[in-house]
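# Observations on the three-dimensional arrangement
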Amino acid sequence: MSQLFESLNPVQREAVQHNEGPLLLLAGAGSGKTRVITYRIAHLIQDHGIPPFNILAVTFTNKAADEMKKRLDHLVGDVSQHVWASTFHSSCARILRRNINQLGYDRSFTIYDSKDQVMLIKDVLKTLQVDDKLNQPKAIQNRISMAKNRFIRPDEYAEKISSQFPNNPFEEAMPIYYGQYQKQLRDNNALDFDDLIILTVDLFNQSTEVLEYYQDKFRYIMVDEYQDTNHCQYLLVRALAAKHHNICVVGDDDQSIYSFRGADINNILDFEKDYPEVKTMRLEQNYRSTKNILEAANEVIGNNDIRKPKRLWTGNQAGTSIGLYRGFDENDEADYIIKKITERRRLRSTKYSDCAIFYRTNAQSRALEEVLRYENIPYQIIGGHRFYERMEVKDVLAYLKVIVNPADTVSLRRIINVPRRGIGATSLGRLESYARRRGISTFEAIEQVEAISEIKAGTQERIREFGQLIKSFQPSASPLSVTIDLLEASDYLEQFEKDGSVEARSRIENIKELESAIARYEEIDPDATVASFLESVTLASDIDGMEDETDVVTLMTLHSAKGLEFPVVFMVGVEEGLLPHINSIGSKEELEEERRLCYVGITRAQKQLYIVNALRRRRGRDFESSVPSRFIDEIPPDLFDQTSEYQPPQRKLISSFDPDEPDEAEMDGGYRVGQIVFHVKFGRGRIARIIGVGGSARITVRFDRSGERTLMAQYANLQIA
DNA sequence: TTCGCTAACTTTTTT
DNA sequence: AGTTAGCGAA
């Protein structure tokens, strides 16, 4: 262990040796915080004889948890397997699988992802007979999630949130939606992401016995990326640490980029108030980046007002200048990047896997992907349309979910007629209304379909067969065997085998891939069940699927990039409207979060940073011209490579985009932000944002009745008040 | 009543 | 561009 200390700087060493009592570790980008956490755990185990099962390490992603376990394994060997290292959501799911009975749920509960949530909300609106055109399910989902993150229940919503939006019918209706949503979740024996946390807190509040069990089990708690925790997670950590106070949180307020998900920066800023005896330490030496890169990062983040003052420093070399390129459009951006990558590969043995491309929005990956594919450069895209979101994969997963938890009507509805078995919307509707009348689940209605006289005998028979199909599987059998039997018995693949198109074949391939994923999962965990597999899939994050053994270029959003590092980083689309994003420009807080996002991107780079943007960009059907991001201006000019190709190629610029085209300009009707307008259907509202110009401009209006909606200027037909 | 085709909308970030 | 809603055919 003593050699272990030699590689640490004094502050790091102090942090590792501080084992009892609360510790706040303010760790700047690239300051070696993961190292400190793992060493700290190793130190607890080896030098203080703390049993590994008494340690809980909460990370932001499963990938980070796995990496921590791997490093820990190097330091202390096999015993590291007994440390609980996982995400908030996974840890809570694990706790709830043991103890959720006490809250009146069944242990076979299903976890709903955000798409499932939206489906359920549509359902809720239907049962409440509310038009889902006026009340966007996604907006409702967002409001519910925000409430849950703040530990606000349906019955408290009116008082705590609605009251802040006087005369807002949408917010006034929210408690009803929220309440009904929660009821239907329970009826489906399902939990959404937020429930995992909130119900664990409930469990602890309700049973001191359970709470004490976990308090004593997790005598040492470490929370990584603490700046991104929400209030509910804060309550959870506080409850767990209340007895022993051995809580170490690690975070960086400058890297807080998840406030849209309810992350509450106060959790880090107030930590010192919660634990008066806290020891605070700062890791400010950066080991990752060159001086140039770090200075650029420092300068950018220095423009934020809401932050703990600090300035990272590094002993590393100055390094090369930052590349800056303003391309013609997104294809030109991509061309430039590829040119640089191939050039570097030729000159200085930079590997593909040394290079990462970051963007603000997933949509930006497409242009890059096309060019990379065309140029035969191997790449991986993190996030976007993930494997587990493919239609055919979701179908099979829905089958598995129903097998484990027949009460899950969202999944049931997905597969009851897939493949086509002659059970259409009307029959399903009758089935569901019967279920509702009797107060039973849809699946229970299926089991007594003979009693439903509205359904014709032929259809009854088909429904009965479907019910038997589901019941013919053993949920406790191994996931792989269930899947194989399922594919066999359901004739699911037949629809694609008959088709024979490229697409159908790739769908079959994806199912095969799913099978091998299940096989792999079983190999790692011999106790795997269908339920545990489904859970791991739902709680997997984009980044968990990242491949870091093979030599490929990695593309991902700036959000996904947090916690990673690459020798060569390209940030694309560094433009006003994209970074900072158009939706964030209006508010100071949100703008500062965009700046932090930019900071996160810059600080991922070890040796070389390229900042790239384009003169114009395709958005939907038409082009928009764009202005370089204000964040570029915040970087001192002398840090940029002065010889760089900063002249945009002036090709046929005028012809294809024409913001001043007269007839279009008239069509935007002279709308202004802040104006009060009336819409035929949505009623009164106020213009929140206008994006673009002319008829193709999109106008976002915050309607009194139905929340925010974005309309095309040329079709909006708004009356100006 | 179910199914297949055409037409419209979306894209900020995510456990 | 890929899903969803709506319509007509079987």
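For clarity, every value in this text was computed on a predicted model and none was experimentally measured.

## A short note on the overall build of chain A
Regarding its fold elements, chain A presents 32 helices and 23 strands. Out of the 721 residues in chain A, the part that is buried amounts to 55%. Long-range pairs, those at least 24 residues apart, make up 74% of the contacts in chain A with a sequence separation of at least 6. Surface accessibility of chain A: about 32,100 Å² in total, with carbon and sulfur atoms responsible for 49%.

## What about the pairing of strand β6 (residues 220-223)?
Along any regular strand, the residues point their side chains to alternate faces of the sheet. Alternating residues of β6 divide into Tyr220 and Met222 and Ile221 and Val223, and every residue in both groups is buried. Sheet topology note: the strand β2 (residues 55-59)/β6 ladder contains four bridges and is parallel. Pairing of Val58 across the sheet is with Val223, part of β6. Two elements, β6 and strand β7 (residues 247-251), share three bridges in a ladder whose sense is parallel. Counterpart to Met222 in the pairing with β7 is Cys248. For the handedness criterion, the β-α-β arrangement of β6, helix α12 (residues 231-241) and β7 is classed as right-handed.

## Here we look at the side chain of Asp253
Mapped onto the secondary structure, Asp253 falls in the loop between β7 and α13 (266-269). Taking the relative accessible area as the measure of exposure, Asp253 reaches 5% and is therefore buried. Polar side-chain contacts of Asp253 include one of 2.7 Å to the backbone nitrogen of Lys308. If sequence neighbours within four positions are ignored, Asp253 has contacts with Gln227, Ile265, Ile268, Arg307, Lys308, Lys310 and Arg596.

## A closer look at the sheet that holds strand β13 (residues 379-381)
Sheet architecture is open: six strands sit in the order β11-β16-β15-β12-β14-β13, paired in parallel fashion. The strands lining the two open edges of the sheet, one partner per strand, are β11 (323-327) and β13. Sheet twist, expressed as the mean angle between neighbouring strand axes with direction ignored, is 20°. Pairing analysis gives five bridges linking β11 to strand β16 (residues 605-614), with the strands arranged parallel. The residue bridging Arg326 from the neighbouring strand is Asn613, located in β16. The strands that helix α16 (residues 330-348) touches are β11, β12 (355-359), β14 (553-557), β15 (566-571) and β16; relative to β16, the one it contacts most, it runs at about 155°.

## Digging into the state of the cysteines
Under the defined criterion, the tally for this structure stands at zero disulfides. Looking at the unpaired Cys355, the closest cysteine sulfur is the one in Cys598, lying at 19 Å. Owing to a relative accessible area of 0%, Cys355 belongs among the buried residues under this scheme.

## Re helix α10 (residues 193-206)
Residues spaced three or four apart along an α-helix point in a common direction, a consequence of the helix completing one turn every 3.6 residues. The end-to-end C-alpha distance of α10 is 20 Å, a good match for the 20 Å that 14 residues give at a rise of 1.5 Å each. Counted residue by residue, α10 has 11 buried out of 14 residues, so it is predominantly covered. Within the span of α10, buried status applies to Asp194, Asp195, Leu196, Ile197, Ile198, Leu199, Thr200, Val201, Asp202, Leu203 and Phe204. N-capping of α10 is provided by Asp192, with a side-chain oxygen placed 3.1 Å from the backbone N of Asp194.

## Comments concerning the sheet that holds β2
Spatially, the six strands line up as an open sheet ordered β3-β2-β6-β7-β1-β8, and their pairing is parallel. Each having just a single partner strand, β3 (84-87) and β8 (279-283) make up the two edges of the open sheet. Between one strand axis and the next, the sheet turns by 15° as a mean value, whatever way the strands run. Examined bridge by bridge, strand β1 (residues 23-27) and β7 share four bridges and lie parallel to one another. Paired with Leu25 across the bridge in β7 is Val250. Against the sheet, helix α3 (residues 33-48) touches β1, β2, β6, β7 and β8, its axis set at about 170° to β6. Most of the contacts of helix α5 (residues 88-99) go to β3, to which it runs at about 115°, and overall it touches β2, β3 and β6.

## With respect to the pattern of salt bridges
By the definition in use, this model includes 45 salt bridges. Notably, a salt bridge pairs Arg413 with Glu432, separated by 2.7 Å at the nearest N-O pair. Of this pair, Arg413 sits in helix α19 (residues 409-415) while Glu432 sits in helix α20 (residues 425-438), placing them 19 residues apart in sequence. Judged by its relative accessible area of 24%, Arg413 is partly exposed. Across the pair Glu592 and Lys588 runs a salt bridge whose closest N-O atoms are separated by 3.6 Å.

## Re the protein's contact with DNA strand B
Around DNA strand B there are 26 residues in total, and Arg360, Arg420, Gly424, Ser427 and Ser541 lie nearest to it. When the atoms of DNA strand B within 4 Å of the protein are sorted by group, sugar and phosphate make up 61%. Note that a phosphate oxygen of DNA strand B is positioned 2.9 Å from one of the backbone N or O atoms of Asn362. For DNA strand B, a phosphate oxygen lies 2.7 Å from a polar atom in the backbone of Gly424. For the surface near DNA strand B, the secondary-structure elements that each account for two or more residues are α20 and α27 (558-561). Broken down by element, the surface near DNA strand B gets its largest block of residues, four residues, from α20. In terms of residue class, the surface near DNA strand B is made up of six nonpolar, 14 polar and six charged.

Conventions adopted
- Residues numbered from 1 in each chain as written.
- Chains lettered and ligands numbered in written order.
- Predicted model: local features only at pLDDT ≥ 70, side-chain atom pairs only at ≥ 80, totals over all residues.
- Heavy atoms only, no water.
- Helix = DSSP H or I, 4+ residues; strand = E, 2+ residues; numbered from the N terminus.
- Buried < 20%, exposed > 50% of the residue type's maximum accessible area, 1.4 Å probe, protein only.
- Contact = heavy atoms within 4.5 Å.
- Areas by Shrake-Rupley, 256 points an atom, 1.4 Å probe, with all protein chains shown as cover.
- Pairing = 2+ DSSP bridges.
- Right-handed = clockwise from strand over helix to strand, strands pointing away.
- Polar contact = N/O pair within 3.5 Å; in protein donor to acceptor, adjacent residues only side chain to side chain.
- Axes fitted to C-alpha atoms, helices over the stretch in contact; angles between N-to-C directions.
- Disulfide = S-S within 2.5 Å.
- Expected span 1.5 Å × (residues − 1).
- Salt bridge = Lys/Arg side-chain N within 4 Å of Asp/Glu carboxyl O.
- Near = heavy atom within 4 Å.
- Nonpolar A, V, L, I, M, F, W, Y, C, P; charged D, E, K, R; others polar.

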